[in-house]
Amino acid sequence: MMDYHRSRDRFDEDRIDEVLELIWMLREEGESHLDNVKKRSEDPNVSQVLTLAVSEGLISTDHGSISFRPEGEKRAENIIRRHRLAERLLSEVFEIEEKQLEDHACELEHTHVLSEVVVDSICTFLGHPPTCPHGKPIPRGECCRKFSNEMKPLVVPLTELSLGDEARIVFISSKYHARLDRLSSLGIVPGGTLRLHQKQPAYLIRIGETDLALDRELAKEIFVKKMLLS
């Protein structure tokens, strides 16, 4: 038999999560105002949810502005981190199309299968990406703070390959569209494979039958997974 009260509580928690996520994104845009939350929210009873969030000590309001309290900020940070890493995983590993990305990421976010441990594992697998596919920052996790000296990620910047290594391009982290267009025009796209031939004075890679020279700044934005030799 369905536990009605538990289901209702879970429903309310999901609605609060949605509002916290929205407040975080509005803050990134410099729009931390109550009116903006009400305009942008898809919840028909968003005022009720905001009242609930205030009563639970997650947010506070003052003369039309809205801000997180410590517990609410931590909860929102975890939601954003989970969602944006899910987007990165779906986009770069499973190659989900852009138009379907948001819906699938939301499904993962709300099914509650992505525990903090699982999220950290995904983050490590992806090489601790700094941004989501849309260029928005992914909040750092404990795994990101430890990885430099305790964990060896499967996905690394191209600059960390050794000479002769073959690797598959997993994702490209650049906030400059012109730079992404340039790399794409050179055939440097997720899913492609390359071999590193040289590191100095420039990074020389081979893709197919073409040799390409990249400066270090560009090479650092290309994240790859090393291929094992058979």
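Residues numbered from 1 in each chain as written. Predicted model: local features only at pLDDT ≥ 70, side-chain atom pairs only at ≥ 80, totals over all residues. Heavy atoms only, no water.

Draft legend 1. Molecular detail of the pairing of strand S4 (residues 166-172). For S4, the buried fraction is high: five of the seven residues fall into the buried class. In this structure, S4 lies alongside strand S5 (residues 193-198), joined through three bridges in antiparallel fashion. Residue pairing for S5: Arg168 is matched across the bridge by Thr193. The pairing of S4 with strand S8 (residues 222-226) spans five bridges and is antiparallel. The partner of Ala167 across the bridge, within S8, is Lys226. (Buried < 20%, exposed > 50% of the residue type's maximum accessible area, 1.4 Å probe, protein only. Helix = DSSP H or I, 4+ residues; strand = E, 2+ residues; numbered from the N terminus. Pairing = 2+ DSSP bridges.)

Draft legend 2. Structural view of the nonpolar core. One finds Leu20, Ile23, Val37, Leu50 and Ile59 to be the most contacted residues of the largest nonpolar core, which totals 20 residues. Going through the elements one at a time, helix H1 (4-28), helix H2 (34-40), helix H3 (46-55), strand S2 (65-68) and helix H4 (70-92) are the ones with two or more residues in this core. For this core, the element with the most residues is H1, which contributes seven residues. Core analysis: the second largest hydrophobic core is formed by 19 residues, Ile169, Leu196, Tyr203 and Val224 among them. (Core = buried A, V, L, I, M, F, W, Y, C linked by side-chain atoms within 4.5 Å.)

From the geometry alone we can't say anything about function, so treat these as descriptive.
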